[in-house]
Amino acid sequence: MIGKVTRNKIPNQIKQENRGLYRFFLTDSIEIDGRQNYVIRFREANYKKPVKKRKFSGTIYIDTETYGIKKSKV
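None of the values given here were measured: they were computed from a predicted structure. (Residues numbered from 1 in each chain as written. Predicted model: local features only at pLDDT ≥ 70, side-chain atom pairs only at ≥ 80, totals over all residues. Heavy atoms only, no water.)

A closer look at the side chain of Thr59
- Along the chain, Thr59 falls in strand S3 (residues 57–63).
- A distance of 3.5 Å separates the side chain of Thr59 from the side chain of Arg41, its partner in a polar contact. (Helix = DSSP H or I, 4+ residues; strand = E, 2+ residues; numbered from the N terminus. Polar contact = N/O pair within 3.5 Å; in protein donor to acceptor, adjacent residues only side chain to side chain.)

Right, dumping it as structure tokens:
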């Protein structure tokens with residue numbers, strides 16, 4: 001089964017109203033399809049609380065020139 005295409009959808013984790021819920025870390029820069037990209041990892045801000053220990057985290061790849069989202073892994 002093929003899922004819904006989300007190419008033009010902004011991930012909920014980086015929407016302005018949700019940014020306080022996550023911590024973001026610039027971890028690397030890599031080349032994807034001949035273009036440099038920032039590697040940004042994120043995790044829930046309250047990941048240390050016992051009730052919600054590491055429920056959501058992922059990685060976002062951002063083009064260094066256009067700042068467009070190349071891909072994301074959640």
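Back to the write-up after that little detour.
As for the sheet that holds strand S1 (residues 22–32)
- Strand order in the open sheet made by the four strands is S1-S2-S3-S4, with antiparallel pairing throughout. A single partner strand is all that each edge strand has here, and the edge strands are S1 and strand S4 (69–73). Between one strand and the next, the sheet's axes are offset by a mean angle of 20 degrees, whatever the strand orientation.
- Relative to S3, strand S2 (residues 35–44) is paired through seven bridges, and the arrangement is antiparallel. Bridge pairing links Tyr38 to Ile62 in S3. (Pairing = 2+ DSSP bridges. Axes fitted to C-alpha atoms, helices over the stretch in contact; angles between N-to-C directions.)

Considering the pairing of S2
- Summarising the sheet, S1 and S2 pair through ten bridges and their orientation is antiparallel. Of the residues in S2, the one forming a bridge with Arg23 is Arg43.
- In this structure, the hairpin formed by S1 and S2 is closed by a connection of two residues, where Asp33 is found at a positive phi of approximately 55 degrees.

A word on the packing of aromatic side chains
- Taken as a whole and assessed by the stated rule, the structure comprises two aromatic pairs.
- Relative to Phe42, the ring of Tyr22 has its centre 5.8 Å away and its plane inclined at 85 degrees; by these criteria the two rings are edge-to-face. Of this pair, Tyr22 sits in strand S1 while Phe42 sits in strand S2, and the two are 20 residues apart along the sequence.
- For Phe42, a relative accessible area of 3% corresponds to the buried category.
- Seen in terms of ring centroids, Phe24 and Phe42 are 6.1 Å apart; in terms of plane orientation they differ by 40 degrees. Their pairing is tilted. With Phe24 in strand S1 and Phe42 in strand S2, the pair connects residues that are 18 residues apart, well separated along the chain.
- In this structure an aromatic cluster arises from ring pairing among Tyr22, Phe24 and Phe42.
- In this structure, Lys71 packs its charged tip against the face of Tyr61, placed 4.9 Å from the ring centre. (Phe/Tyr/Trp six-rings, centres within 6.5 Å; stacked < 30°, edge-to-face > 60°. Buried < 20%, exposed > 50% of the residue type's maximum accessible area, 1.4 Å probe, protein only. Lys NZ or Arg CZ within 6 Å of the ring centre and 35° of its normal.)

Here we look at the pattern of salt bridges
- For the coordinates displayed, the defined rule picks out three salt bridges.
- Residue Arg35 pairs with Glu65 through a salt bridge whose shortest N-O separation is 3.8 Å. One end of the pair, Arg35, is in strand S2; the other, Glu65, is in the loop between S3 and S4, with 30 residues separating them in the sequence.
- Take Arg35: its relative accessible area is 35%, and that puts it in the partly exposed class.
- Take Glu65: its relative accessible area is 64%, and that puts it in the exposed class.
- Linked through salt bridges whose partners overlap, the residues forming this network are Arg35, Asp63 and Glu65. (Salt bridge = Lys/Arg side-chain N within 4 Å of Asp/Glu carboxyl O.)

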